[in-house]
Amino acid sequence: GSFFEKYEVNSCAQVTHLLAQAKHETKLFTAFRESLYYSSYTAQNLYNIAPTAINNGLTRKGLTFSTHAAKLQYIEDNLLRNDAGYGQHCFGSNEYPDNDYRGRGLLHLTHYTNYHACSLAIGKPIAAEPALVQSDVVVIVETGLWFWKTNKLKAHAENTALTEEEAVKKITRIIN
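Residues numbered from 1 in each chain as written. Predicted model: local features only at pLDDT ≥ 70, side-chain atom pairs only at ≥ 80, totals over all residues. Heavy atoms only, no water.

**Q** What should I look at first to understand the packing of helix 2 (residues 12-25) against helix 11 (residues 164-175) in this one?
**A** For the pair helix 2 and helix 11, interaxial distance at closest approach is 11 Å and the crossing angle is 55 degrees. Considering their axes alone, helix 2 and helix 11 lie oblique with respect to each other. Crossing geometry of helix 2 relative to helix 11 is assigned as right-handed. In contact with His17, Gln21 and Glu25 of helix 2, helix 11 contributes Glu164, Ala167, Val168, Ile171, Thr172 and Ile175. For the contact of helix 2 with helix 11, the class distribution of residues is four nonpolar, three polar and two charged. (Axes fitted to C-alpha atoms, helices over the stretch in contact; angles between N-to-C directions. Helix = DSSP H or I, 4+ residues; strand = E, 2+ residues; numbered from the N terminus. Parallel < 35°, antiparallel > 145°, perpendicular 65-115°, else oblique. Left-handed = near helix turned anticlockwise from the far one by under 90°. Contact = heavy atoms within 4.5 Å. Nonpolar A, V, L, I, M, F, W, Y, C, P; charged D, E, K, R; others polar.)

See below:
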């Protein structure tokens, strides 16, 4: 059977919402890998948009700073305008320390825990090789459908008590 059958995406409402979200996440199906290059940001701007991800990376790496200014200097030197470094820092794992688990695929699967769970579910080595989620068309599609089903997005897409706008907001909140 098809992936749509396997992941129970079986209504027009689901397909419409899924494809609309995928179109937005992938910049009209052209970017299956999220860019983490923030050229016009300061270290403080970058910290403001992702304090949890940055702090989690610091904790994972055992880094502490005596002042906020010292933390910002680390961000300036290691994360700002450093796409790969920022991805590895914020979305990395101790299991595969050289990988980053930034948003990739149809719905931009993000974070090692999601890559690992999805890898086990779909039987593809994406936890060890996250680039597969941006380069292998079958993996791109299946990871998106796995995420859709795992996060029960069908319930929002098919909820007739919600307006279209409310459904979009609920689905977007979960994806982001």
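**Q** When you look at helix 11 in this model, what are you seeing that I'm missing?
**A** Structurally, the α-helix is built with 3.6 residues per turn, so residues lying three or four positions apart point the same way. With 12 residues, helix 11 should reach 16 Å at 1.5 Å per residue; the first-to-last C-alpha distance of 16 Å fits that figure. Listed in full, the buried residues belonging to helix 11 are Ala167, Ile171 and Ile175. Buried residues in helix 11, looked at end-on, bunch into an arc of 65 degrees, giving them a common side. Residues of helix 11 that are exposed and point more than 90 degrees away from the buried face comprise Glu165 and Arg173. Its buried side turned inward, helix 11 meets helix 2, helix 9 (137-150) and helix 10 (153-157). (Expected span 1.5 Å × (residues − 1). Buried < 20%, exposed > 50% of the residue type's maximum accessible area, 1.4 Å probe, protein only. Arc of directions from axis to C-beta.)

**Q** Explain the layout of surface pockets here, please?
**A** Gaps left between atoms are located by rolling a probe of water-molecule size over the structure's atoms. Of the volumes computed, that of the largest pocket is approximately 650 Å³. Taken together, 23 residues line the largest pocket, and the ones lying closest to its centre are Glu25, Glu34, Thr110, Ile175 and Asn176. For the lining of the largest pocket, the elements supplying multiple residues, two or more each, are helix 2, helix 6 (83-91) and helix 11. In terms of residue class, the lining of the largest pocket is made up of 11 nonpolar, eight polar and four charged. (1 Å grid on protein atoms, 1.4 Å probe; cavity = no way out; pocket = protein on both sides within 12 Å on 5 of 7 lines; lining within 4 Å. Points joined across faces, edges and corners; volume = space filled by probe spheres on them.)

**Q** What's the story with the nonpolar core in this structure? I'm lost.
**A** Most often, soluble globular proteins keep nonpolar side chains buried together rather than apart. With 42 residues, the main nonpolar core has Leu46, Ile54, Ile75, Tyr86 and Trp148 as its most contacted residues. No other element matches the six residues that helix 9 contributes to this core. If we skip the residues at most four places from it in the chain, Tyr86 touches Leu36, Tyr38, Leu46, Ala50, Ile54, Leu79 and Phe91. (Core = buried A, V, L, I, M, F, W, Y, C linked by side-chain atoms within 4.5 Å.)

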